[in-house]
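Descriptive structure summary
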Amino acid sequence: MLLTTLRRGKALQLTLAIVKPDAVAHPLILEALHQKILENNFIVIRSRELVWKRQESERFYAEHAGRFFYQRLVEYMSSGPMQAYILARDDAISRWRELMGPTKVFRARYTSPSSMRALYGLTDTRNTTHGSDSVESAHREIAFFFPEFNVREWMERSEPFFRTGH
Ligand code: UDP
């Protein structure tokens, strides 16, 4: 059933998605986000719940060090359990980011009212979800959360299986 919903012949792309602590704390919101994942034909390749130490949060968001929201962000991201996923489908990176909506919740509500951030985001920091923004960052972020997962090996071994629908 799932495989028939994939567009045959299109290569799968991987992305790293996070459901942030504000959403994991609310089981119904987490369930609604899982529904979005399924409805939009993503395949969940890996999933894990984790709690970051502050240093891990700082390392992941190092590119934002010095920005006005950095301290608030790293504190929030290490404040409770979150859920990380490796998701696959064609154009996974841009499709997931489209579903997330813009970074800032007020903008999301205005421009993309049905996006995850518009529906469930609380503030610009507590904005429900994360998604990689390029192939390079997807690979880097997958390695950060799932160090045992080998993207190249998965692409060689498993991706053709999904693509051809065997
Ligand atoms: N962020 C914030 N205030 C801002 C901009 C960003 O708190 O004004 C937080 C927010 O949680 C966001 C994260 O920093 O998701 C990373 O920011 P980025 O610009 O990479 O946005 P994203 O790719 O998550 O949309």
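Residues numbered from 1 in each chain as written. Predicted model: local features only at pLDDT ≥ 70, side-chain atom pairs only at ≥ 80, totals over all residues.

**Describing helix 9 (residues 135-145)**
- Those residues of helix 9 that sit buried are Ala-138, Glu-141 and Ile-142. Projected onto a plane normal to the axis of helix 9, the buried residues spread over an arc of 105° and lie on a single side. (Buried ≥ 20, exposed ≤ 12 C-beta atoms within 10 Å, placed from the backbone. Helix = DSSP H or I, 4+ residues; strand = E, 2+ residues; numbered from the N terminus. Arc of directions from axis to C-beta.)

**Let's talk about the site of the ligand**
- In the vicinity of the ligand, the residues found are Phe-69, Leu-73, Thr-103, Asp-124, Thr-125, Asn-127, His-130 and Asp-133.
- Of the residues assigned to the shell around the ligand, the class counts are two nonpolar, four polar and two charged. (Near = placed C-beta within 6 Å. Nonpolar A, V, L, I, M, F, W, Y, C, P; charged D, E, K, R; others polar.)

**Section: the UniProt feature "active site" (unreviewed entry) in the protein chain**
- Mapped onto this structure's residue numbering, the UniProt feature "active site" (unreviewed entry) falls at His-130.
- Within the secondary structure, His-130 is located in strand 4 (residues 129-131).
- Taking the number of C-beta atoms within 10 Å as the measure of exposure, His-130 has 20 and is therefore buried.
- Among all residues touching His-130, those that are not within four sequence positions of it are Ala-17, Ile-18 and Lys-20. (UniProt positions renumbered as here; feature names shortened; annotations may be inferred. Contact = placed C-beta atoms within 7 Å.)

**Structural notes on the confidence of the model for the protein chain**
- Model confidence for the protein chain is summarised by a mean pLDDT of 93, while 93% of its residues fall at 70 or above.
- Segment residues 1-5 is flagged for pLDDT under 50; beyond a separation of four residues in sequence, or across chains, it makes three contacts in the model.
- Taken over the whole predicted complex, pTM reads 0.93, whereas the ipTM for its chain interfaces reads 0.98. (pLDDT = per-residue confidence, 0-100.)

**What to know about the nonpolar core**
- With 23 residues, the main nonpolar core has Leu-14, Ala-17, Ile-86, Leu-87, Ala-88, Ala-92 and Trp-96 as its most contacted residues.
- Elements with a minimum of two residues in this core: strand 1 (13-19), strand 3 (82-89), helix 6 (92-100), helix 8 (116-120) and helix 9. (Core = buried A, V, L, I, M, F, W, Y, C linked by C-beta atoms within 7 Å.)

**Some remarks on the UniProt feature "domain: Nucleoside diphosphate kinase-like" (unreviewed entry) in the protein chain**
- Residues annotated by UniProt as "domain: Nucleoside diphosphate kinase-like" (unreviewed entry) correspond here to residues 12-153.
- In residues 12-153, helix accounts for 47% and strand for 18%; the two terminal C-alpha atoms are 14 Å from one another.

**A few points about the environment of Arg-54**
- Tracing the sequence through the fold places Arg-54 in helix 4 (residues 54-60).
- Using a count of 12 C-beta atoms within 10 Å as the deciding quantity, one classes Arg-54 as exposed.
- Here the alpha-carbon distance between Arg-54 and Asp-90, two residues 36 residues apart in the chain, equals 34 Å.
- Those residues in contact with Arg-54 that sit more than four places away from it in its chain are Val-74 and Ser-78.

**What about the sheet that holds strand 4?**
- Spatial ordering of the open sheet is given by 2-3-1-4, a layout of four strands whose pairing is antiparallel. The open sheet has two free edges, formed respectively by strand 2 (43-50) and strand 4, since each of these has just one partner strand. The average angle at which neighbouring strand axes cross in this sheet is 20°, direction not considered.
- Pairing of strand 1 with strand 4, which is carried by three bridges, proceeds in the antiparallel orientation. Among the inter-strand pairings, Ala-17 is bridged to a residue of strand 4, identified as Gly-131.
- Here helix 6 sits on the sheet in contact with strand 1, strand 3 and strand 4, set at roughly 30° to strand 1. (Pairing = 2+ DSSP bridges. Axes fitted to C-alpha atoms, helices over the stretch in contact; angles between N-to-C directions.)

**Notes on unusual backbone geometry**
- For Asn-41, which is not glycine, the phi torsion reads 60° and is therefore positive.
- Within the secondary structure, Asn-41 is located in the loop between helix 3 (27-39) and strand 2.
- Look at Asn-41 and you get partly exposed, because 15 C-beta atoms sit within 10 Å.
- Even without being glycine, Thr-128 reaches a positive phi, approximately 75°.

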